[in-house]
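A look at the structure
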Amino acid sequence: QHQNQKAYGLALCRGDVLAAECKTCVSEAPKEILSRCPYNKGGIIWYDYCMFRYLDTDFLGKIDNTNKFYMWNLKNVSDPATFNYKTRELLSQLAQKTYVMNNKLYATGEVKLENSETLYGLTQCTRDLSSSDCKKCLDDAINELPNCCDDKEGGRVVSGSCNFRYEIYFFVKE
Ligand SMILES: *[C@@H]1O[C@H](CO)[C@@H](O)[C@H](O)[C@H]1NC(C)=O
């Protein structure tokens, strides 16, 4: 290692995760990332409860457009048009809550569906983003809905700077 070598790191816990769980997750993440990619200049790892990212250049305060993945529930909904609309609407409302009213850059919420089910959603940005970059990051993520999650009972778009998740079951802790 060179003496002047610098590393920049960023950790983010899901907004509802308790401090102790957050600490456990965030302390495991660097160990795991270094054992999986020991010689890399940077890396990123995601868990349900936290994310950890590092790089040898300063990436803080910039939207990460490189690292992104989707996850979705394999089950199809019975009424895709309404469901997709409601999902987008909920996530857009939560995104707005995330960057406008919330200094945690995190929001959760729910909406009732016609069939007496409930749709639950979560949106979050990393805390290094400005409010306007948080908005841009989440808007872009929500625009990925047709590519990842339309017609699906649950889905996530996860990037190094923001993420959303929706499910028809309760998955947050509050
Ligand atoms: C959901 O719908 C897609 C597209 O119509 C289909 O390919 C897939 O097999 C369906 N999945 C399930 C679990 O029924």
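As a convention, each chain's residues are numbered from 1 in the sequence order in which they are written. Where totals are concerned, whole chains, interfaces and linings use all residues; where local detail is concerned, this predicted model gives features only for residues with pLDDT of at least 70, and gives and counts side-chain atom pairs only at 80 or more. In computing side-chain values, all of the structure's heavy atoms are included and hydrogens and water are not.

To continue, consider the side chain of serine 159. Tracing the chain through its elements places serine 159 in strand β7 (residues 155–159). A distance of 3.0 Å separates the side chain of serine 159 from the backbone nitrogen of serine 161, its partner in a polar contact. Should any heavy atoms of two residues lie within 4.5 Å, those residues are considered in contact. Not counting chain neighbours up to four residues away, the residues in contact with serine 159 comprise Trp46, Met51, Asp64, Asn67, Lys68 and Cys137. Helix numbering and strand numbering both begin at the N terminus, where a helix is a DSSP run of H or I of at least 4 residues and a strand a DSSP run of E of at least 2. Side-chain atoms alone can form a polar contact between residues adjacent in sequence; in general such a contact is a pair of N or O atoms within 3.5 Å, and within protein one must be able to donate a hydrogen while the other accepts it.

Attention shifts here to the site of the ligand. The rule for a residue being near a molecule or strand is that one of its heavy atoms must lie within 4 Å of it. Around the ligand sit Leu74, Asn76 and Lys152, and that is every residue in its neighbourhood. One nitrogen or oxygen atom from the side chain of asparagine 76 is found 2.5 Å from an oxygen atom belonging to the ligand. Bound to the protein, the ligand loses 24% of the 360 Å² it would expose on its own. Under the convention used here, a 1.4 Å probe and the Shrake-Rupley method define accessible areas, while residue burial counts only the protein chains that appear.

So, on to the domain arrangement of the protein. For the domains described, the bounds stem from an automatic or database domain assignment. Taken domain by domain, the protein holds domain 1 (8–55) and domain 2 (68–167). Distance between the C-alpha centres of domain 1 and domain 2: 22 Å. Here domain 1 packs against domain 2, burying approximately 950 Å² in sum over the two surfaces, 60% of which is carbon and sulfur. Note that arginine 156 and aspartate 48 form a salt bridge whose closest N and O atoms lie 2.8 Å from each other. If you look at where domain 1 meets domain 2, you find 5 residue pairs in polar contact (both at pLDDT 80 or more). Breaking the side of domain 1 that touches domain 2 down by element, the ones donating at least two residues are β1 (8–13), β2 (42–46) and β3 (50–55). For the side of domain 1 that touches domain 2, the element with the most residues is β1, which contributes 3 residues. The term buried area refers to how much accessible surface (probe radius 1.4 Å) is lost by two components on association, counted for both of them together. Salt bridges are identified by distance alone: a Lys or Arg side-chain nitrogen within 4 Å of an Asp or Glu carboxyl oxygen.

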